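# Examination of the molecular architecture
Chain by chain, the residues run as shown.
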Amino acid sequence: MAYQIKKAAVLGSGVMGSGIAAHLANIGIPVILLDIVPKELTDEETKKGLTLEDKSVRNKFSTTARQKLLKQKPAPLTTKNNLALIETGNFEDDLEQLKDVDWVIEVVVENLEIKQALYEKIDAVRKPGTIITSNTSGISIEAMKEGRSEDFQKHFLGTHFFNPPRYLKLLEVIPASTTAPEVVEFMTTFGEDILGKGVVIAKDTPNFIANRIGTYGLLVTLQEMEKRGYSIGEVDSVTGTLIGRPKSATFRTLDVVGLDTFMHVAKNVYDQTEGEEQNVFELPNFMKKMIDNGWLGAKTKQGFYLKKGKEILELDAETFEYVEAKKLKTPSIEMAKQQRGLANRVKTLAYAKDRTGEILWNIFAPTLLYSAQLNGEISDDIIGIDNAMKWGFGWQQGPFEIWDAIGVAKSVEKMKEEGREIPPFAQSLLDKGYETFYKEEDNVLHFFDGEGYQPVQVNEKVIDLKRYKKTHGVIKKNSGASLIDMGDGVALLEFRSQSNAIGLDILQMINFAVDEVEQNFKGLVIGNQGKNFCVGANLGLILMEAQDDNIFELDFVIRSFQNAMMKIKYSTKPVVAAPFGMTLGGGAEVCLPAAHIQATSETYMGLVEAGVGLIPGGAGNLNLYKKFLKGVPNGVTIDYQNVANQVFETIAMAKVSTSGEEARDNNFLDFADGVSVNADHQLYDAKQIAIALYENGYKAPKREKVPVTGESGYATLLLGAETMLMSGFISEHDLKIAKKLAYVLAGGKVPYGTLVDEQYILDLEREAFLSLVAEPKSQQRMQHMLVKGKPLRN
């Protein structure tokens, strides 16, 4: 049977249920969100004369959850428009609607009897072939399916999302013994390709993979802190980014998760294990006391940390008073920071003979041993365990990658000296004469499976640029960028300067890349796999030249930038931009002239130059204005003033999208541009678009004159800016920037509707940029951004 999911239902509208519904709506799948019927009226409902039979009361839980999606932070929806795809209802009146859906996701309270009773009702109304999954974080999948029809059992499995579903990559898929293999295969592919997740197949064991090992690691950390006399702040200072973990480290993470939630997760394993393992899952007494006190973390505004004014205090676990937060300061921390790469940093810290080394070794050692002990029991292989920890807990290295980093033989020797028991899986690696759990062979990553090495299976849509460069080679590179052969007639221009900031080196490579592609390739993709696509032009370089009054040099840089952007625009072969993460200022300007933009869901795009006292200088004003014009439907008379107003507001207010879809709402993307839900597939998607454009006979756009609002439009734009100044919303210097921007967008002193050359607008843009860059207040803004990383309002 070929499965397709065109419509889904989410049962249970709590934070997790509504978050999953939002994620489905984000990818365009209509959802029915159902919950229980309230048992009693609120005072407000009674005053309004409502009864328990009123639809608004009966659907209250799901309707309220739906509305909350608009206010939640971080935003569960990629654009507010997606809310329209979520319908609401309740379990008593609306279960009939499940006959029309292809996938039912159960997200009700973690209680086996309640889930089983709900499944009985679902079984009575579902059509054969409908996939039913549970988002349980630890209840047995096997137990949940008992008593259900054969077709239900065949299509039932666990799909465990991590909170918040839009942002956390991990999806654990947990088959039951009766789940049809083709259903597991479909959900894995659907999870990766459509939901955009990193899918790991987990076995039906307590808390599955990530929560089992993650909870163990957190509890080991708590116990070691107590045993060895560390403070909460000291532990957090070395268990975060220093070792490749999220900056929330240990205790800030627990505060965010909620101590009550964490207690339930730990108890689930505690109740199903015994002996030494069970002891680890026993919460320390001080944590039980915190829960009794109602100090549950962020949700109660008090947990391991308490914010007083601007100061963040840490809890003293002995006195139960909040004190000034401490940090560990040891020689090994300084040594580690000087090491190249995370693996070397972790190795330096793990064996350090100081307080940092002591706590980290005693967290690493038991966690690594526990992971090896559970390999085969919770996951078929070490890849499942490592990926689960990276995608679910935000670790940069999974347990077995950490073990490789610190050296398996050296660490096992130390573990044995300390009397720790080595699991057979880890011991067999050394007994067979191997040194690492992973190794590269012929540029393919292999993993140890207990007997020997097997190649790591990778989805063909996942492109790893480091490996690509080894196999496909680099056509040309300089200090700022590389041109890479992606195969199939497509080249890729990869930025690799610091923060991928654009300088002359990148501009040179853009020119070379377009020329090379026009001669020898079908198309060009501009993309990379850095932290962000591009945070803008090299601000340090611009400021230095400005402070030296080197206007000729700056004029050359801005001309070069504009010319490179127009070269992208008028390339005879298609150029596809693949932005992700921060795509700001010059980063957005590189995308605007491309034949196609293939963004990711998490693309934060905007022209933010006003924040540093400037306006866009790389044809951003022209190209965004033209994108807005292109967005006006055919046959509609274009109000150029309205278009100019919107572009002016977008640039002057430095609007940045909070997603790829919102970048479309803001007209940086048009209706034909794409959004890759799975960021790992973005370069593959961009490459396929480049090939399709070429094969469909791509032609460069015609050079056309641009209609502008002219002098009257300039006056209108200025009026708005002056009103904001008088209202105290902007400063005098903001007004100066606004005047320059208005003049460029209006096309100078010409009559309304005049058609002007693109080069004419580019000249206005360049003149405005050069006059602003010479302003002391703009230079102060640039300096402040470079030093503090925040905009200055002066």
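Here, every reference points to the structure presented above.
Report on the accompanying structure. (Residues numbered from 1 in each chain as written. Predicted model: local features only at pLDDT ≥ 70, side-chain atom pairs only at ≥ 80, totals over all residues. Heavy atoms only, no water.)

## Things to note about helix H12 (residues 259–270)
For the record, the criterion: Segments assigned H or I by DSSP are reported as helices when at least four residues long, segments assigned E as strands when at least two residues long, and all are numbered from the N terminus. Helix span, as expected, comes to 1.5 Å for every residue beyond the first. Burial here depends on accessible area, computed with a 1.4 Å probe over protein chains only, as a share of the maximum for the residue type. Under 20% is buried, over 50% is exposed, and the range in between is partly exposed. What the arc covers is the set of directions going from the helix axis to the C-beta atoms. Note on contacts: a residue pair is in contact if any heavy atoms of the two residues lie within 4.5 Å.
With 12 residues, H12 extends 16 Å between its outermost C-alpha atoms, agreeing within 8% with the 16 Å of an ideal straight helix rising 1.5 Å per residue. Among the residues making up H12, those that are buried are Leu259, Phe262, Val265, Ala266 and Val269. On an axial view of H12, the arc spanned by its buried residues comes to 125°, and they lie on one face. Where H12 is buried, its residues meet helix H9 (210–228), helix H11 (251–257), helix H13 (275–280) and helix H14 (285–293).

## Comments concerning the nonpolar core
Basically, it comes down to this: For the purposes of this section, nonpolar cores are sets of buried Ala, Val, Leu, Ile, Met, Phe, Trp, Tyr and Cys residues that join through side-chain atoms within 4.5 Å.
Grouped together as the largest cluster of nonpolar side chains are 107 residues, with contacts concentrated most on Leu98, Phe304, Trp403 and Phe437. In terms of residue count, helix H17 (residues 355–374) provides more of this core than any other element does, 11 residues in total. Leave out the neighbours within four places in its chain, and Phe437 touches Ile382, Phe400, Trp403, Asp404, Val408, Phe425, Ala426, Leu429, His446, Phe447, Phe448 and Tyr453. Within the second largest apolar cluster, 84 residues are counted, among which are Leu539, Phe561, Val575 and Leu735.

## Concerning helix H4 (residues 60–68)
Those residues of H4 lying buried are Lys60, Ser62, Ala65 and Arg66. Residues of H4 that are buried in the fold lie against helix H1 (15–26), strand S2 (31–35), helix H2 (43–47), helix H3 (55–58) and strand S3 (86–90).

## Details of the packing of helix H24 (residues 539–547) against helix H34 (residues 776–788)
Our working rule: Here an axis means a line fitted to C-alpha atoms, over the contact stretch when the element is a helix, while the angle between two N-to-C directions is reported on a 0 to 180 degree scale. Take the far helix as the reference: if the near one is turned anticlockwise from it by less than a right angle, the crossing is left-handed, and if turned clockwise, right-handed. Gly counts as polar in this scheme, as do all residues outside two lists: the nonpolar Ala, Val, Leu, Ile, Met, Phe, Trp, Tyr, Cys and Pro, and the charged Asp, Glu, Lys and Arg.
At their nearest, the axes of H24 and H34 sit 10 Å apart, and the two run at 145° to each other. For the crossing formed where H24 meets H34, the hand is left-handed. Within the contact between the two elements, H24 uses Leu539, Gly540, Ile542, Leu543, Ala546 and Gln547 and H34 uses Gln779, Met782, Gln783, Met785 and Leu786. In terms of residue class, the contact of H24 with H34 is made up of seven nonpolar, four polar and no charged.

## Focus on the sheet that holds strand S12 (residues 438–441)
Put simply, the rule reads: For two strands to count as paired, DSSP must find a minimum of two bridges between them.
Strand order in the open sheet formed by three strands is S12-S13-S14, and the pairing between neighbours is antiparallel. Each edge of the open sheet is held by one strand with a lone partner, namely S12 and strand S14 (453–455). Strand-to-strand twist of the sheet, defined as the mean angle between neighbouring strand axes without regard to direction, takes the value 40°.

## Looking at the sheet that holds strand S4 (residues 103–106)
The mixed open sheet is built from eight strands, whose spatial order is S3-S2-S1-S4-S5-S6-S7-S8. Two strands lie at the open edges of the sheet, namely S3 and strand S8 (198–201), each paired on one side alone. If you compare each strand with its neighbour and ignore which way they point, the axes differ by 25° on average. In the sheet, S4 pairs with strand S5 (residues 131–134) via four bridges, with the strands oriented parallel. The residue of S5 that forms the bridge with Val104 is Ile132. Set on the sheet, helix H5 (residues 112–125) makes contact with strand S1 (8–11), S4, S5 and strand S6 (156–161); between it and S4 the angle comes to about 160°.

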